[in-house]
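Chain by chain, the residues:
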Protein chains: 2
Amino acid sequence: MDQRTPTHLLGPQRSDLSAIADWDTSNCPVRDVLSQISGKWSMLLLHALSERPYRFGELRRLVPDISQRMLTQTLRDLQRDGYIDRTVFPTKPPSVEYSMTTLGHSMFDALSHVLSWAGTNHAAVRRARETFDASPV
Amino acid sequence: MDQRTPTHLLGPQRSDLSAIADWDTSNCPVRDVLSQISGKWSMLLLHALSERPYRFGELRRLVPDISQRMLTQTLRDLQRDGYIDRTVFPTKPPSVEYSMTTLGHSMFDALSHVLSWAGTNHAAVRRARETFDASPV
DNA sequence: CGGCATCCTCGACGATACTG
DNA sequence: CAGTATCGTCGAGGATGCCG
């Protein structure tokens, strides 16, 4: 095969690129999963909830520039995919707590590789960008 | 701190969530990097090029449902960020080869953790989704 | 062959107001 | 407090045609 560790972008068991063709979002596992966590706020919320559970209002204050429409919707999507749990406490007024599931934690662990890469190599990317923009070859 | 390996979503050296506030795309390293590779076609092309270099037309045939406008643009963006190289051979008619850089390979290695997670856990996510949709609590 | 220029669609996301 | 409903914007991406 190949020694480059290029993984299952395709299917679980195929590593050839012969049939990339028919992979729209609906039948490609990778795109199906990633399309949900690549939203504007998903990673921010996942990061927060990876530390400890938060209530709706707490998350709002943590991320002041998120509209509450998107906060609601993003949390719902993350819950739908099984990454976070939503617990309602029948207090008065009601309070709702969001917490990360086991599935969510395992996903975030994988994601953290990319996040830390980004933190480490951000400068290199910015330099590459500047170089490229300087000489529009 | 914390033992959960939640990484530098924030800044290079801070692991508190106290100031998530002022992180728009422009001053958050993670979002700055990820916004470029989370495009519709970026990962597909990165995956292909992680195996071997390809020419423009080859990539078109590999991914038939990409418009050639987006192929050009995505390749340009990846080149701009330093992930791939663009080599023009002055043949007649001209041919252009795209190949992954060292930076690109190191980034793709980090990304591969997420890709393989997606491949492994796609079924679990789909099940969670069905369960959620079944009972709109 | 490997593009670039133009026009258009459509869905993600924002702003605002109202509710149990 | 934790949402839902409605309307509006804006840009990613698609379709088509031309060029060195």
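Everything that follows concerns the structure shown earlier in this document.
No experiment lies behind these values; they were computed from the predicted model shown.

Conventions and cut-offs
Residues numbered from 1 in each chain as written. Chains lettered and ligands numbered in written order. Predicted model: local features only at pLDDT ≥ 70, side-chain atom pairs only at ≥ 80, totals over all residues. Heavy atoms only, no water. Pairing = 2+ DSSP bridges. Helix = DSSP H or I, 4+ residues; strand = E, 2+ residues; numbered from the N terminus. Contact = heavy atoms within 4.5 Å. Axes fitted to C-alpha atoms, helices over the stretch in contact; angles between N-to-C directions. Near = heavy atom within 4 Å. Polar contact = N/O pair within 3.5 Å; in protein donor to acceptor, adjacent residues only side chain to side chain. Nonpolar A, V, L, I, M, F, W, Y, C, P; charged D, E, K, R; others polar. Expected span 1.5 Å × (residues − 1). Bend = angle between axes of the 7 residues up to and from the residue. Phe/Tyr/Trp six-rings, centres within 6.5 Å; stacked < 30°, edge-to-face > 60°. Buried < 20%, exposed > 50% of the residue type's maximum accessible area, 1.4 Å probe, protein only. Salt bridge = Lys/Arg side-chain N within 4 Å of Asp/Glu carboxyl O.

1. Focus on the sheet that holds strand E3 (residues 95–100) of chain A
Residue and element names in this part refer to chain A.
Right, so step 1: Read across the open sheet, the three strands follow the order E1-E3-E2; overall the sheet is antiparallel. At either margin of the open sheet sits one strand with a lone partner, and together these are strand E1 (54–55) and strand E2 (84–89).
Right, so step 2: The pairing of E2 with E3 spans six bridges and is antiparallel. Bridge pairing in E3 links phenylalanine 89 to serine 95.
Right, so step 3: Sheet contacts for helix H2 (residues 42–51): E1, E2 and E3; angle to E3, the most-contacted strand, approximately 90°.

2. Focus on the environment of Ser42(A)
All names here are of chain A.
Right, so step 1: Counting through the fold element by element, serine 42 comes out in helix H2.
Right, so step 2: Counting along the chain gives 35 residues from serine 42 to aspartate 77, while the straight-line C-alpha distance between them is 9.0 Å.
Right, so step 3: Excluding anything up to four places from it in sequence, serine 42 contacts Gln36, Ile37, Thr74 and Leu78.

3. With respect to the protein's contact with DNA strand D
Right, so step 1: Around DNA strand D lies a shell of 19 residues, among which Gly57(A), Arg86(A), Tyr98(A), Arg69(B) and Met70(B) are the nearest.
Right, so step 2: Taking the atoms of DNA strand D that fall within 4 Å of the protein, sugar and phosphate contribute 58% of them.
Right, so step 3: At 2.7 Å from a phosphate oxygen of DNA strand D is found a main-chain nitrogen or oxygen belonging to Gly57(A).
Right, so step 4: Trp41(B) places a polar side-chain atom, nitrogen or oxygen, 3.5 Å from a phosphate oxygen of DNA strand D.
Right, so step 5: Elements with a contribution of two residues or more to the surface near DNA strand D: helix H3 (56–62), helix H4 (68–80) and E3 of chain A together with helix H4 (68–80) of chain B.

4. Observations concerning the protein's contact with DNA strand C
Right, so step 1: Taken together, 20 residues surround DNA strand C, and among them Met70(A), Gly57(B), Thr72(B), Arg86(B) and Tyr98(B) come closest.
Right, so step 2: At the protein interface, 59% of the atoms of DNA strand C within 4 Å belong to sugar or phosphate.
Right, so step 3: Gly57(B) is positioned with one of its backbone polar atoms (N or O) 2.8 Å from a phosphate oxygen of DNA strand C.
Right, so step 4: Contact between DNA strand C and Tyr98(B): a phosphate oxygen at 2.7 Å from a side-chain N or O atom of the residue.
Right, so step 5: Elements that contribute at least two residues to the surface near DNA strand C include exactly H4 of chain A together with helix H3 (56–62), H4 and strand E3 (95–100) of chain B.
Right, so step 6: Of the residues that constitute the surface near DNA strand C, the class distribution is eight nonpolar, seven polar and five charged.

5. Focus on the sheet that holds E3(B)
Residue and element names in this part refer to chain B.
Right, so step 1: With respect to topology, three strands assemble into an open sheet ordered E1-E3-E2, the strand pairing being antiparallel. Looking at strand neighbours, the two that pair on one side only are strand E1 (54–55) and strand E2 (84–89), the edges of this open sheet.
Right, so step 2: Relative to E3, E1 runs antiparallel, the two being bridged by two bridges. By the bridge assignment, tyrosine 54 is partnered in E3 with tyrosine 98.

6. Structural notes on helix H5 (residues 102–134) of chain A
All names here are of chain A.
Right, so step 1: If you check H5, its first and last C-alpha atoms are 46 Å apart, about what 33 residues at 1.5 Å a residue would give, namely 48 Å.
Right, so step 2: Along H5, the sharpest kink reaches roughly 60°, centred on asparagine 121.
Right, so step 3: Between a side-chain oxygen at the N-terminus of H5 and the backbone nitrogen of leucine 103 the separation is 3.4 Å; the capping residue is threonine 101.

7. Some details on the packing of aromatic side chains
Geometrically, a pair of aromatic rings is defined through the distance of the ring centres and the angle of the planes.
Right, so step 1: According to the stated counting rule, one finds two aromatic pairs over all chains in the structure shown.
Right, so step 2: A ring pair is formed by Tyr83(A) and Trp117(B), whose centres lie 6.2 Å apart and whose planes are at 50°; its orientation type is tilted. Of this pair, Tyr83(A) sits in the loop between H4 and E2 while Trp117(B) sits in helix H5 (residues 102–134), which puts the two residues in different chains.
Right, so step 3: Residue Trp117(B) is classed as buried on the basis of its relative accessible area, which comes to 8%.

8. Digging into the side chain of Ser95(A)
Right, so step 1: Counting through the fold element by element, Ser95(A) comes out in strand E3.
Right, so step 2: Apart from residues no more than four positions distant in its own chain, Ser95(A) is found in contact with Arg55(A), Thr87(A), Val88(A) and Phe89(A).

9. Topic: the pattern of salt bridges
Right, so step 1: A full pass over the atoms with the stated rule returns eight salt bridges over all chains.
Right, so step 2: One salt bridge in this structure joins Arg52(A) and Glu58(A), with 3.5 Å as the shortest N-O distance.
Right, so step 3: When its relative accessible area of 39% is taken as the criterion, Arg52(A) is described as partly exposed.
Right, so step 4: For Asp133(B), the salt bridge goes to Arg80(A), with nearest N and O atoms at 2.4 Å. With Asp133(B) in helix H5 and Arg80(A) in helix H4, this pair bridges two chains.
Right, so step 5: Overall, Arg80(A) belongs to the partly exposed group, its relative accessible area being 24%.
Right, so step 6: It is possible to trace a salt-bridge network through shared partners that takes in Asp32(A), Asp81(A) and Arg129(B).

Bear in mind that shape data such as this cannot, by itself, settle questions of function.
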